[in-house]
Amino acid sequence: MVERDQVRPLAPAADAPTSDDGEAALQLKKVRRKKLIRCCACIAAFFIILAVVIIVLIFTVFRVKDPIIKLNAVSLTNLDLINGSIPTTGSNISLIADVSVKNPNIASFKYSNTTTTLYYYGTEVGDARGPGGTAKARRTIQMNITVDIMTDRVLASPNLTADLTSGTLTMISYSRIGGRVNMLNIIKKHVTVMMNCTVTVNITSQAIQDRSVSKRLISSFETIFASCLAL
């Protein structure tokens, strides 16, 4: 019995830990770590490329351009004259301006009510408002703006006598169009286009003798990524 207790079998050599097993486990960890690093690098590279593509598209294809306003023609109607030179008191003189607004963007330009004011030597002699609307992508819309002139205010001006002597009437119209260009709800640009037009009317022929136009544009951006004057 004593001999049996003293004799015990030795553990198999295969069950004993060796240095080779430790090196294999360490090598496996290194391989897994490298794979994880490569995976993270690929994901980071993908997002960097995606950001670069988005930025390039914003400044090329999706770049918001300013609408272009243009005065095509101006005409005067119902100019009733006394002795061929003096406007009749209470006559309904109207100034009609043919205006076009070009939208060069791939998104629509939605604008609110338009306002036009007519001045004669700094005095407001007419006012008109037009309804809002939408200029489709890369389209041009036409607007006929009609301003009814308050003849009494023109006749009350101290400068009228000099104009009647020269045979011309010079007036200034101020038009304002405000709207917004919306690119996929990502880039939003608010635009206000203003146009000053100086018109010289020949009283005798009732024709537009001369005109000059100056345009100004004020714009502002609202974008998740991110005043212009144009004459």
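All of these numbers come straight from a predicted model, not from anything done at the bench. All residue numbers refer to positions counted from 1 along the written sequence of the respective chain. In view of the model being predicted, local features appear only for residues whose pLDDT reaches at least 70, and side-chain atom pairs are presented and counted only at 80 or more, with totals across whole chains, interfaces and linings using the full set of residues. Only heavy atoms go into the side-chain values, all of them from the structure, while hydrogens and water stay out.

Novice: What exactly am I supposed to notice about the overall build of the chain here?
Specialist: A count of helices and strands for the chain gives 4 helices and 12 strands. Exposed residues in this analysis have more than 50% of their type's maximum accessible area, buried residues have under 20%, and partly exposed residues fall in between, with area computed by a 1.4 Å probe over protein chains only. With 231 residues in all, the chain has 30% of them scored as buried. Shrake-Rupley sampling with a 1.4 Å probe provides the accessible areas, and residues are treated as covered by the protein chains on show and by no other component. Only carbon and sulfur atoms are counted for the fraction: they give 58% of the accessible area of the chain, which is about 15100 Å². A run of H or I in DSSP counts as a helix once it spans at least four residues, and a run of E counts as a strand once it spans at least two, with each numbered from the N terminus.

Novice: Would you mind going over unusual backbone geometry with me for this structure?
Specialist: Apart from glycine, the bulk of residues carry a negative phi angle, and the bulk of peptide bonds sit in the trans form. Even without a glycine there, the phi angle at Tyr-121 is positive, about 50 degrees. Here Tyr-121 is to be found in the loop between strand S6 (114–120) and strand S7 (123–130).

Novice: Looking at this structure, how should I read a positive patch on the surface?
Specialist: Note on patches: the residues involved have over 30% relative accessible area and no salt bridge, like charges join within 9 Å, and the nonpolar side chains Val, Leu, Ile, Met, Phe, Trp and Tyr join within 5 Å. Salt bridges, as used here, are contacts in which a Lys or Arg side-chain nitrogen is within 4 Å of a carboxyl oxygen on Asp or Glu. Only four residue types enter the charge count, namely Lys and Arg as positive and Asp and Glu as negative; His and the chain termini do not. Charge positions come from single atoms, namely NZ of Lys, CZ of Arg, CG of Asp or CD of Glu. Together, Lys-29, Lys-30, Arg-32, Arg-33, Lys-34, Lys-35 and Arg-38 line one region of the surface with positive charge. Here Lys-30 lies in helix H2 (residues 19–59). The class for Lys-30 is partly exposed, based on a relative accessible area of 39%.

Novice: Could you clarify how one ought to interpret the packing of aromatic side chains in this entry?
Specialist: Here the distance between the centres and the angle between the planes together describe a pair of aromatic rings. For Phe, Tyr and Trp, where Trp contributes only its six-membered ring, two rings pair if their centres lie within 6.5 Å, and the inter-plane angle classes them as stacked under 30 degrees, edge-to-face over 60, or tilted in between. By the definition in use, this model includes 3 aromatic pairs. Their ring planes at 80 degrees and their centres at 4.8 Å tell us that Tyr-120 and Tyr-121 sit as a pair that is edge-to-face. Given the relative accessible area of 45%, Tyr-121 is considered partly exposed.

Novice: Quick question: what am I supposed to make of the environment of Ser-108 here?
Specialist: Residue placement: Ser-108 occurs in the loop between strand S4 (92–103) and strand S5 (109–111). Owing to a relative accessible area of 36%, Ser-108 belongs among the partly exposed residues under this scheme. Each C-alpha atom, one on Ser-108 and one on Val-181, is 6.2 Å from the other, the two residues being 73 residues apart in sequence. Contacts are assigned to residue pairs that have any heavy atoms within 4.5 Å of one another. Ignoring any residue separated from it by four or fewer positions in sequence, one finds Ser-108 in contact with Asn-103, Thr-134, Ala-135, Lys-136, Ala-137, Arg-180, Val-181 and Asn-182.

Novice: How should the side chain of Ser-157 be read in this particular structure?
Specialist: Looking at the secondary structure, you find Ser-157 in the loop between helix H3 (151–155) and helix H4 (160–166). Of the residues examined, Ser-157 reaches a relative accessible area of 11% and is grouped as buried. In this structure Ser-157 touches Tyr-120 and Tyr-121, once residues within four positions along its chain are discounted.

Novice: Is there a simple way to think about the confidence of the model for the chain in this case?
Specialist: Atom-level detail of predicted coordinates should not be read off regions where pLDDT is low. One number per residue, pLDDT, summarises how confident the predictor is, and it ranges from 0 to 100. With 78% of its residues at a pLDDT of 70 or more, the chain has an overall mean of 77. Here residues 223–231 scores under 50 on pLDDT; set against residues more than four positions off or in separate chains, the count is 17 contacts.

Novice: Help me understand a nonpolar patch on the surface in this model?
Specialist: A cluster of nonpolar residues, Ile-43, Phe-46, Phe-47, Leu-50 and Ile-54, forms a patch on the protein surface that exposes about 470 Å² of accessible area. With respect to the secondary-structure elements, Phe-47 resides in helix H2.

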